[in-house]
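These are the residues of each chain, in order.
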Amino acid sequence: MTDRELILAIDQGTTNTKALLVDATGRVHSQASVPNLVTYPRPGWAEQSGIDLIAGVQTVIADVLAKAGDVPIIGVGISNQRESILVWDAATGVPVGPLVIWQCRRSAPKCEALRADGHAEAIESRTGLALDPLFPAAKITWLLDNVPGARTRAEKGELRVGTVDSWLLWNLTGGTVHTTDHSNASRTQLFNTKTLSWDEELCTLFDVPMSMLAEIKSSDSRFGATAEGACALPAGTPILSMIGDSHAALFGHGVREPGTVKGTYGTGTSLMALTPERIRSTHGISSTIAWSQNGKAQYALEGNISVSGQTAAFVAELLGLADAATLSALAETVPDSNGVTFVPALVGLGAPYWRSDARGTMTGMSLGTKPAHLARAALEAIAFQVADVYAAMEADMGSALGELRADGGASRNPLVMQFQSDILGRPVAAAAAPEVSALGAAALAFSALGTAMPGVPAADKYEPSMSAAECANHRQRWASAVTQTLATNNKTTS
Ligand SMILES: O=P(O)(O)OC[C@H](O)CO
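Remember, predicted model here, so these are calculated numbers, not experimental data.

1. Topic: the overall build of the chain
For step 1, the next point in the chain: Counting its secondary structure elements, the chain contains 15 helices and 23 strands.
For step 2, the next point in the chain: The C-alpha atoms of the chain give a radius of gyration of 22 Å, which matches the 23 Å a tight globule of 494 residues would have.
For step 3, the next point in the chain: The principal-axis extent of the C-alpha atoms belonging to the chain is close to 65 × 55 × 45 Å.
For step 4, the next point in the chain: In the chain, buried positions account for 58% of the 494 residues.
For step 5, the next point in the chain: Considering only contacts within the chain whose residues lie at least 6 apart along the sequence, 72% involve residues at least 24 apart.
For step 6, the next point in the chain: A total accessible area of about 18600 Å² is found for the chain, and carbon and sulfur atoms account for 53% of it.
For step 7, the next point in the chain: Of note, the chain has its 36 positive side-chain charges centred 3 Å away from the centre of its 47 negative side-chain charges.

Listed below in structure tokens is the structure:
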């Protein structure tokens with residue numbers, strides 16, 4: 001394969017849709033991006049337009065091709081926002097209702113009803129996922145029960161449902177292919193990660209007709225080919241990979257064996273590590289499928305932290321600072337947080353605590369506390385939360401994990417990354433490229449063609465330099481702040 005043969009990688013995220021042209025060495029030849037609109041029609045609800053999403057994908061494909069000139073595109077790779085779900089008409093391809101995105105909590109009553117009826121344990125044991133409105137299963141129930149006529153039409157076999165990967169595939173193939181991959185299926189809460197198939201009993205519990213569901217294929221499959229006029233690519237360009245974005249980042253880092261963890265530091269943080277087999281977490285972590293190659297599923301553990309990088313922006317605003325970068329500069333002016341600890345439970349605490357009623361807590365303040373100490377506490381909180389998930393993963397795996405591969409905004413902050421390495425007592429390698437998910441989708445597409453694209457190299461490496469005693473003191477300070485946070489009952493205000 002020559003470095004002139006390119007994969008067009010799409011990263012369809014919540015905030016932006018991106019396209020990159022990537023060669024087999026991992027070099028990015030050109031890229032394009034468009035922002036996406038998210039609407040919040042009611043408190044706790046979040047949705048996007050399926051039609052706008054496709055228009056955005058078509059735009060970035062056209063833009064990236066226009067920038068690149070006449071180059072051979074040998075295939076398409078797709079990385080996508082996970083857990084967002086759309087129902088559409090099988091005959092016309094017209095969406096039936098909005099794309100209900102992962103952040104949306106509208107299906108909370110259905111989840112509560114299933115919990116009250118004692119189904120939570122069975123759901124978690126089959127899917128590896130705690131019963132929660134984050135996941136699409138209950139969102140599909142909501143759409144079928146609330147969009148006029150949807151349930152009747154679904155029962156007649158007239159509707160299709162899919163995660164974003166399958167919606168993109170449907171459109172790129174001109175409405176001929178309805179398929180998803182194991183990584184996306186594993187996040188729906190309808191997929192049995194043991195049998196690697198849709199679970200009939202779960203579909204019954206969530207009232208989802210199985211005729212609506214996509215065929216499931218290996219993440220490195222020949223999913224279909226672009227149709228004439230579906231986008232600016234020539235008709236017949238093969239779609240060679242589909243994978244959820246967090247999983248794609250792990251693949252993009254070049255992780256192929258258990259032992260290394262990747263952390264994507266965005267608004268929240270997703271930590272993911274491969275496991276040798278399917279593990280049922282007993283420490284508050286999701287068990288999921290990282291990807292599948294040649295039909296073989298690769299299992300993983302994932303911990304999702306709800307508010308991570310966003311902590312810096314939040315505290316910057318409270319302190320009247322311009323932005324997170326200004327906060328970071330302020331934090332650099334002091335050697336430590338002077339005993340101040342901030343637990344950013346601003347929308348509750350996610351993994352490994354799962355307490356949606358928890359709220360943010362600042363502990364350890366004295367008359368000696370200065371804004372710079374609060375700034376430092378905000379940045380330290382990003383690292384402390386990751387360390388908690390790390391420890392939970394290690395407890396589930398029964399063995400020590402190694403290096404952390406970091407990507408996303410805060411991975412470019414040396415103060416956060418050094419503290420992360422110190423608190424974990426592990427090396428941290430921050431990725432050289434910002435688009436690790438798109439590069440992961442490209443790498444998977446190349447692997448479908450039998451070519452190994454190298455992982456994204458590290459731009460910066462951090463080694464632990466803190467003494468064991470100092471590290472233990474910090475961990476103790478954090479643990480006690482978390483205990484205080486969890487001890488406060490906010491149920492009346494949540
Ligand atoms: O759109 P992103 O990049 O924020 O990713 C969303 C996640 O996949 C949700 O689980």
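Alright, that's what it looks like, and here's the rest.
2. Quick notes on helix α1 (residues 50-68)
For step 1, the next point in the chain: Here α1 spans 27 Å end to end across 19 residues, near enough to the 27 Å set by a 1.5 Å rise per residue.
For step 2, the next point in the chain: Of all the positions in α1, only G50, L53, I54, G56, V57, V60, I61, V64 and L65 are classed as buried. Here the buried residues of α1 occupy an arc of 160° about the axis, which is enough to place them on one side. The outward face of α1, more than 90 degrees from its buried face, is lined by the exposed residues I51, A66 and K67.
For step 3, the next point in the chain: Two or three places before I51, at the opening of α1, S49 has a side-chain oxygen 3.3 Å from that residue's backbone nitrogen.
For step 4, the next point in the chain: Phi turns positive one or two residues past the end of α1, at G69, with a value near 80°.

3. What about the packing of aromatic side chains?
For step 1, the next point in the chain: If you walk through the whole model with that rule in mind, you get 8 aromatic pairs.
For step 2, the next point in the chain: Ring centres of F251 and W291 lie 4.8 Å apart, and the angle between their planes is 90°; on these two criteria the pair is classed as edge-to-face. On the criterion of sequence distance, the pair formed by F251 in helix α9 (residues 245-252) and W291 in strand β17 (residues 286-293) is long-range, its members being 40 residues apart.
For step 3, the next point in the chain: Taking 5.3 Å as the distance between ring centres and 90° as the angle between the ring planes, the aromatic pair formed by F384 and F419 counts as edge-to-face. Placement of the pair is F384 in helix α12 (residues 371-397) and F419 in helix α13 (residues 414-424), with a sequence separation of 35 residues. Exposure class is identical for F384 and F419. Each is buried.

4. Brief notes about the sheet that holds strand β3 (residues 28-35)
For step 1, the next point in the chain: Pairing within the open sheet is mixed, and its 6 strands lie in the order β3-β2-β1-β5-β14-β13. The sheet is open, and its two borders are formed by β3 and β13 (224-225), each paired with just one other strand.
For step 2, the next point in the chain: Where strand β2 (residues 16-22) lies against β3, 7 bridges are found, and the strand directions are antiparallel. Following the sheet pairing, L21 is matched in β3 by S30.

5. Description of the site of the ligand
For step 1, the next point in the chain: Around the ligand, the structure places G13, T14, Q81, R82, E83, W102 and D245.
For step 2, the next point in the chain: R82 is positioned such that a nitrogen or oxygen atom in its backbone is 3.0 Å from an oxygen atom of the ligand.
For step 3, the next point in the chain: Relative to its free-state accessible area of 310 Å², the ligand is covered by the protein chains to the extent of 73%.

6. Regarding the UniProt feature "domain: Carbohydrate kinase FGGY C-terminal" (unreviewed entry) in the chain
For step 1, the next point in the chain: The UniProt record marks residues 264-448 with the feature "domain: Carbohydrate kinase FGGY C-terminal" (unreviewed entry), using the residue numbering of this structure.
For step 2, the next point in the chain: Across residues 264-448 one finds 37% helix and 22% strand; the C-alpha atoms that close the span lie 25 Å apart.

7. Here's the deal with unusual backbone geometry
For step 1, the next point in the chain: A cis amide bond, omega 0°, links A351 with the succeeding residue P352.
For step 2, the next point in the chain: With respect to the element layout, P352 can be found in the loop between β19 (341-343) and β20 (361-363).
For step 3, the next point in the chain: Of note, the phi angle at Q189 is positive, near 70°, even though the residue is not glycine.
For step 4, the next point in the chain: Note on placement: Q189 falls in the loop between α7 (182-185) and β10 (191-192).

8. Topic: the packing of helix α11 (residues 324-331) against α12
For step 1, the next point in the chain: It is the contact of α11 with α12, at a shortest axis distance of 8 Å, that shows an interaxial angle of 115°. One element, α11, and the other, α12, form an angle in the roughly perpendicular class. Remark: the crossing between α11 and α12 carries left-handed chirality. From α11, L327, S328, L330 and A331 reach across to α12, where they touch P371, A372, A375, R376, A378 and L379.
For step 2, the next point in the chain: The residue makeup of the contact of α11 with α12, split by class, is 8 nonpolar, 1 polar and 1 charged.

9. Topic: the nonpolar core
For step 1, the next point in the chain: Counting residues in hydrophobic clusters, the biggest one holds 72 residues, and the most contacted among them are L8, I10, I61, L190 and F206.
For step 2, the next point in the chain: Looking at this core, the element that brings in the most residues is α1, giving 7 residues.
For step 3, the next point in the chain: In terms of nonpolar packing, the next biggest core, distinct from the first, is built from 54 residues, I285, A381, F384 and A410 among them.

10. Observations concerning the UniProt feature "domain: Carbohydrate kinase FGGY N-terminal" (unreviewed entry) in the chain
For step 1, the next point in the chain: Feature annotation in UniProt assigns "domain: Carbohydrate kinase FGGY N-terminal" (unreviewed entry) to the following positions: residues 7-252.
For step 2, the next point in the chain: In this annotation, residues 7-252 is assigned 33% helix and 25% strand; the end-to-end C-alpha distance for the span is 14 Å.

Parameters and conventions
- Residues numbered from 1 in each chain as written.
- Predicted model: local features only at pLDDT ≥ 70, side-chain atom pairs only at ≥ 80, totals over all residues.
- Heavy atoms only, no water.
- Helix = DSSP H or I, 4+ residues; strand = E, 2+ residues; numbered from the N terminus.
- Rg over C-alpha atoms; globule rule 2.2 N^0.38 Å.
- Buried < 20%, exposed > 50% of the residue type's maximum accessible area, 1.4 Å probe, protein only.
- Contact = heavy atoms within 4.5 Å.
- Areas by Shrake-Rupley, 256 points an atom, 1.4 Å probe, with all protein chains shown as cover.
- Lys, Arg positive; Asp, Glu negative; His and termini not counted.
- Charge placed at Lys NZ, Arg CZ, Asp CG, Glu CD.
- Expected span 1.5 Å × (residues − 1).
- Arc of directions from axis to C-beta.
- Polar contact = N/O pair within 3.5 Å; in protein donor to acceptor, adjacent residues only side chain to side chain.
- Phe/Tyr/Trp six-rings, centres within 6.5 Å; stacked < 30°, edge-to-face > 60°.
- Pairing = 2+ DSSP bridges.
- Near = heavy atom within 4 Å.
- UniProt positions renumbered as here; feature names shortened; annotations may be inferred.
- Axes fitted to C-alpha atoms, helices over the stretch in contact; angles between N-to-C directions.
- Parallel < 35°, antiparallel > 145°, perpendicular 65-115°, else oblique.
- Left-handed = near helix turned anticlockwise from the far one by under 90°.
- Nonpolar A, V, L, I, M, F, W, Y, C, P; charged D, E, K, R; others polar.
- Core = buried A, V, L, I, M, F, W, Y, C linked by side-chain atoms within 4.5 Å.

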